[in-house]
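Each chain is listed here by its residues.
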Protein chains: 2
Amino acid sequence: MYFYRVNSNTEENYLKAIYLLTDGIREVNPKDVSEHLGVKMPSLNSMMKRLAEKELVSHTSYKPIKLTDKGRKIAALIIRKHRLTEMFLVERMGFGWEEVHEIAEQIEHIKSPLFFQKMNEILGSPKQDPHGSPIPDANGEVAEMNYPKLSESKENQKLRLVAVNNSSEDFLKFLNARDISLGLELKVLDIESFDGSMSVEFADQRTQTLSQIVCDRLLVTPIK
Amino acid sequence: MYFYRVNSNTEENYLKAIYLLTDGIREVNPKDVSEHLGVKMPSLNSMMKRLAEKELVSHTSYKPIKLTDKGRKIAALIIRKHRLTEMFLVERMGFGWEEVHEIAEQIEHIKSPLFFQKMNEILGSPKQDPHGSPIPDANGEVAEMNYPKLSESKENQKLRLVAVNNSSEDFLKFLNARDISLGLELKVLDIESFDGSMSVEFADQRTQTLSQIVCDRLLVTPIK
DNA sequence: ATAACAACTTAGGTTAGTCTAACAAAAAAG
DNA sequence: CTTTTTTGTTAGACTAACCTAAGTTGTTAT
Ligand SMILES: [Mn+2]
Ligand SMILES: [Mn+2]
Ligand SMILES: [Mn+2]
Ligand SMILES: [Mn+2]
């Protein structure tokens with residue numbers, strides 16, 4: 001019978017960062033992780049030693065970082081808790097999708113399997129979070145959805161907005177102000193070749209021009 | 001314009017412990033606080049220095065400890081978050097009253113005023129937690145309810161169970177097993193003078209004998 | 001009043017998690 | 001193929017939160 005070693009919140013945040021930068025499976029350069037977390041390289045470096053010691057990451061000097069199977073599973077389960085929380089906050093507590101990330105960043109570390117089990121039941125085992133990101137299952141398995149960006153679409157294509165790439169409050173408020181939310185149907189009318197901006201028509205006939213930066217952050221799926 | 005200094009989870013736990021041992025206003029001996037928190041005296045001692053430095057407690061060497069007004073308010077607001085959380089877990093997430101304390105112990109430290117505001121709204125500004133303890137208001141003011149213990153009641157008195165003194169999982173499971181929950185009406189039939197145990201009759205005619213230890217933990221109010 | 005004991009404080013050590021400064025390796029530029 | 005720049009590592013310092021061991025103060029018991 002093994003003892004279940006609990007990781008600190010900080011360790012969990014490092015694991016999650018690596019997961020998000022690698023989809024769990026690729027490698028990532030230390031610098032990118034340190035920037036993602038907002039810590040300096042020596043902090044990253046000593047944490048990698050600890051996590052390597054615990055066999056949650058594999059890392060040899062001057063080489064990129066990768067999660068081990070064990071590390072990947074732990075990270076996926078933290079992300080599961082994060083996304084379940086976001087869904088719960090939106091669906092059961094009346095939060096807007098732009099308000100939930102910071103709170104979920106904290107609640108994901110709550111030590112209580114039952115708490116997240118209850119959330120999951122209440123929500124009916126949701127498969128996506130409020131931003132369209134997939135929720136890993138209770139074993140840490142993720143159904144990878146590889147939706148294309150709106151910016152990669154062609155003219156006249158009819159699309160449905162299924163996820164956003166970026167959950168920053170500013171960006172989501174920008175979308176709110178324009179009544180752009182998940183599930184929205186749209187058609188690409190025109191693509192400006194010199195700046196990559198797109199004119200799109202929404203289901204309710206509204207027409208808007210979206211900058212390339214915005215189009216890069218909207219994930220879509222073709223319809224009809 | 002003042003900057004709002006955030007306290008660490010640990011600092012919050014110390015403040016809360018002192019509050020619970022003093023009702024916010026009395027003094028308490030360092031030893032009692034250290035035992036309540038499960039830390040050794042030197043840990044308590046150095047934390048008292050920090051909190052005194054921050055003007056949240058007043059403490060001079062070899063004297064008992066007291067919260068300052070500032071410290072009392074902060075502590076009451078943490079207790080508010082704790083009890084709101086317990087209520088939310090029971091009322092909106094289907095937890096039993098015996099399951100919520102440990103989770104609330106963690107969630108009380110979540111940094112998000114909006115999160116607790118939403119909880120409060122959803123619950124309709126509850127005045128008590130699932131164990132009958134009063135929930136401080138948003139200014140940290142508490143309506144002190146001084147319910148007597150069942151053990152202090154006289155024979156033939158009709159009573160309603162309004163709170164429990166102790167929220168340990170074991171005790172609450174003991175009550176669950178006997179279908180004893182808040183609101184239950186009961187009558188004291190008989191008091192054993194040599195061990196302080198009581199025979200009580202519940203509203204549904206069931207009759208039980210409760211040990212003094214149990215009767216000490218049940219808070220009641222007279223009816224009719 | 002003095003001894004014994006419990007409560008409290010001080011000194012100093014540990015681990016987690018961060019940082020800056022200095023150095024080493026790898027990658028990019030010339 | 002050097003030189004420069006960027007990336008990564010090591011060393012060492014700092015704070016928060018804990019501990020043990022040793023000494024002090026205050027309180028009870030004789
Ligand atoms: Mn998020
Ligand atoms: Mn987090
Ligand atoms: Mn509680
Ligand atoms: Mn707590």
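The structure under discussion appears in the preceding block.
Structural notes, computed from the coordinates. (Residues numbered from 1 in each chain as written. Chains lettered and ligands numbered in written order. Predicted model: local features only at pLDDT ≥ 70, side-chain atom pairs only at ≥ 80, totals over all residues. Heavy atoms only, no water.)

1. What to know about the packing of aromatic side chains
Then step 1. Applying the stated rule across the entire model yields three aromatic pairs over all chains.
Then step 2. An angle of 80 degrees between the planes, with centres 6.2 Å apart, marks the rings of Phe 88 of chain A and Phe 88 of chain B as edge-to-face. In this pair, Phe 88 of chain A sits in helix H4 (residues 69–93) while Phe 88 of chain B sits in helix H4 (residues 69–93), so the two residues belong to two different chains. Note on accessibility: Phe 88 of chain A and Phe 88 of chain B belong to one class, buried.
Then step 3. Between the aromatic rings of Phe 115 of chain B and Phe 116 of chain B, the centroid separation amounts to 5.1 Å while the plane-to-plane angle is 75 degrees, which identifies the pairing as edge-to-face. The pair formed by Phe 115 of chain B and Phe 116 of chain B is uniform in burial state, with each residue classed as buried.
Then step 4. Lying across the ring of Phe 174 of chain B, Arg 178 of chain B places its NZ or CZ 3.8 Å from the centre. (Phe/Tyr/Trp six-rings, centres within 6.5 Å; stacked < 30°, edge-to-face > 60°. Helix = DSSP H or I, 4+ residues; strand = E, 2+ residues; numbered from the N terminus. Buried < 20%, exposed > 50% of the residue type's maximum accessible area, 1.4 Å probe, protein only. Lys NZ or Arg CZ within 6 Å of the ring centre and 35° of its normal.)

2. Quick notes on the protein's contact with DNA strand C
Then step 1. The local shell around DNA strand C holds 22 residues, among which Ser 8, Ser 43 and Arg 50 of chain A together with Asn 45 and Lys 49 of chain B are the closest.
Then step 2. The sugar and phosphate moieties of DNA strand C supply 76% of its atoms located within 4 Å of the protein.
Then step 3. Here a phosphate oxygen of DNA strand C and a side-chain polar atom of Tyr 14 of chain A are 3.1 Å apart.
Then step 4. Here a phosphate oxygen of DNA strand C sits 3.1 Å away from a polar atom, N or O, in the main chain of Lys 40 of chain A.
Then step 5. Mapped by element, the contributors of at least two residues to the surface near DNA strand C are helix H1 (9–22) and helix H3 (41–53) of chain A together with helix H2 (30–37) and helix H3 (41–53) of chain B.
Then step 6. Here the surface near DNA strand C takes five residues from H3 of chain A, the largest share from any one element. (Near = heavy atom within 4 Å. Polar contact = N/O pair within 3.5 Å; in protein donor to acceptor, adjacent residues only side chain to side chain.)

3. Quick look at the relation of the copies chain B and chain A
Then step 1. When chain B is fitted to chain A, the residual RMSD is 0.0 Å, and the transformation amounts to a turn of 180 degrees plus an axial shift of 0.0 Å. With respect to symmetry, the two chain copies, as superposed, fit the operation of a two-fold axis. Taking C-alpha positions as the reference, the residue of chain B nearest the rotation axis is Ile 107 of chain B, at 3.7 Å.
Then step 2. Looking at the interface residues of chain B, 100% of them are also at the interface in chain A, so both copies use one shared face. (Least-squares fit on C-alpha atoms with pLDDT ≥ 70 in both. Contact = heavy atoms within 4.5 Å.)

4. Description of the protein's contact with DNA strand D
Then step 1. Around DNA strand D sit 20 residues in total, of which Asn 45 and Lys 49 of chain A together with Ser 8, Ser 43 and Arg 50 of chain B are the nearest.
Then step 2. In the interface set of DNA strand D, defined as its atoms within 4 Å of the protein, sugar plus phosphate atoms amount to 78%.
Then step 3. A distance of 2.6 Å is found between a phosphate oxygen of DNA strand D and a side-chain nitrogen or oxygen belonging to Ser 8 of chain B.
Then step 4. Going through the elements one at a time, helix H2 (30–37) and H3 of chain A together with helix H1 (9–22) and H3 of chain B are the ones with two or more residues in the surface near DNA strand D.
Then step 5. Residue composition of the surface near DNA strand D, by class: nine nonpolar, seven polar and four charged. (Nonpolar A, V, L, I, M, F, W, Y, C, P; charged D, E, K, R; others polar.)

None of this, on its own, says anything about what the molecule does.
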